[in-house]
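# Breakdown of the fold
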Amino acid sequence: MAGRHAILCTTNGSKAVERVANARHVLLGAIVNAHAVAAQARTLARTEVLIVCAGTDGRVSIDDVVGAGRIAYVLSEGTDRFEVSDAAQVAMRVATHPEGIEAVVRTARHARGLAGLGFDADIAYAARPDVVQQVPVLQARDPARFVVAGDRP
């Protein structure tokens, strides 16, 4: 994948990136790269990490909460460097639900809509933790410009 370009197609994700573009560091994360994002955030963060969920149509989305919970869980693992907020604790509990990540993600309104359109395989992939090691990192505070940190797809 080195030297290649990728296009991320999202609606709410781009709005969330634009809102936080002036932050010191902006990383894109999801269930699929949660561990890599947490590791990168732990390296970059001085005092705090804010995890922003993009949502769906301006509302909370379960898949975002699960992704945020996975990132928060890995980020807080084995350290007391970061205080975990109540919101992060809720997300962590959702992300570690006994039914498993895919079962929880499939309850999301957006996932049910995608399933109805025949995108079951996409939902299953999006619910697979840590299958991607790359982390898109915002460059030059430009909401449309990212470089990739990480070593393998």
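Coordinates for the structure precede this section.
Residues numbered from 1 in each chain as written. Predicted model: local features only at pLDDT ≥ 70, side-chain atom pairs only at ≥ 80, totals over all residues. Heavy atoms only, no water.

## What to know about the overall build of the protein chain
The condition is simple: In this text, helices come from DSSP runs of H or I with a minimum length of four residues, and strands from runs of E with a minimum of two, each type numbered from the N-terminal end. Relative accessibility decides the category of a residue: with a 1.4 Å probe and only protein chains considered, values under 20% of the type maximum give buried, values over 50% give exposed, and everything between is partly exposed. Positive: Lys, Arg. Negative: Asp, Glu. His and the chain ends are not part of the count. In this description, the location of a charge corresponds to atom NZ of lysine, CZ of arginine, CG of aspartate or CD of glutamate.
Of regular secondary structure, the protein chain possesses 7 helices and 2 strands. Each helix and strand of the protein chain, ordered N terminal to C terminal, gives the series α-α-α-α-α-α-α-β-β. Dimensions of the protein chain along its principal axes, counting C-alpha atoms only, are 40 × 35 × 30 Å. Among the 153 residues that make up the protein chain, the fraction classed as buried is 33%. A gap of 4 Å separates the mean positions of the 17 positive and 16 negative side-chain charges of the protein chain.

## Overview of the pattern of salt bridges
The line we're drawing: Take a side-chain nitrogen of Lys or Arg and a carboxyl oxygen of Asp or Glu: if they are within 4 Å of each other, that pair is a salt bridge.
Across all of its chains, the model carries 4 salt bridges by this definition. Among the ionic pairs, Asp130 bridges to Arg70, the shortest N-O distance being 2.6 Å. Of the two residues, Asp130 sits in the loop between helix H7 (120–126) and strand E1 (135–138) while Arg70 sits in helix H3 (residues 62–76), which places them 60 residues apart along the sequence. Linking Arg106 and Glu102 is a salt bridge whose minimum nitrogen-to-oxygen distance equals 2.9 Å. For Arg106, a relative accessible area of 28% corresponds to the partly exposed category. Glu102 gets classed as partly exposed once you look at its relative accessible area, which sits at 33%. Because the salt bridges share partners, they merge into one network encompassing Glu102, Arg106 and Asp120.

## Notes on the environment of Arg19
If you trace the backbone, Arg19 turns up in helix H1 (residues 12–20). Along the sequence, Arg19 and Ala34 sit 15 residues apart, while their C-alpha atoms lie 21 Å from each other.

## Focus on the packing of helix H2 (residues 34–44) against H3
The angle between the axes and the distance between the axes are what describe a pair of packed helices. Our working definition: Only C-alpha atoms enter the line fits that serve as axes; for helices the fit covers just the stretch in contact. Angles between N-to-C directions range over 0 to 180 degrees. Any angle that falls under 35 degrees is termed roughly parallel, while one over 145 is termed roughly antiparallel, one within 65 to 115 roughly perpendicular, and all others oblique. By the definition used in this description, the sense in which the near helix is turned from the far one sets the handedness, with an anticlockwise turn below a right angle giving left-handed and a clockwise turn giving right-handed. Contact definition: two residues touch when any of their heavy atoms are within 4.5 Å. The classification used treats Ala, Val, Leu, Ile, Met, Phe, Trp, Tyr, Cys and Pro as nonpolar, Asp, Glu, Lys and Arg as charged, and all other residues, Gly among them, as polar.
Remark: H2 packs on H3, axes separated minimally by 8 Å, with the N-to-C direction vectors making an angle of 50°. Judged by the angle between their axes, H2 and H3 are oblique. Taken as a pair, H2 and H3 cross one another with a handedness that is right-handed. For the pair H2 and H3, the contacting residues are Ala34, His35, Val37, Ala38, Ala41 and Arg42 in the first and Arg70, Ile71, Val74, Leu75 and Ser76 in the second. Within the contact of H2 with H3, the residues separate by chemical class into 7 nonpolar, 2 polar and 2 charged.

## Quick word on the layout of surface pockets
The condition that has to hold: Using a 1 Å grid laid over the protein atoms alone, points where a 1.4 Å probe fits but cannot get out form a cavity; open sets with protein on both sides within 12 Å along at least 5 of 7 lines form a pocket; any residue with an atom within 4 Å of a point counts as lining. Grid points are joined across faces, edges and corners, and a volume is the space filled by probe spheres set on the points.
Of the voids in this model, the second largest pocket is the one considered here, and its volume is about 430 Å³. In terms of lining, the second largest pocket is formed by 20 residues, of which the most central are Val49, Leu50, Ile51, Ser85 and Ala88. Counting only elements with at least two residues in the lining of the second largest pocket, the list comes to H3 and helix H4 (86–95). For the lining of the second largest pocket, the element with the highest residue contribution is H3, accounting for 5 residues. Taken together, the residues of the lining of the second largest pocket break down into 14 nonpolar, 3 polar and 3 charged.

## Brief notes about the environment of Glu83
On the secondary structure map, Glu83 appears in the loop between H3 and H4. You can call Glu83 exposed: its relative accessible area is 80%. Spatially, the C-alpha atoms of Glu83 and Glu48 are 8.2 Å apart, while their sequence positions differ by 35 residues.

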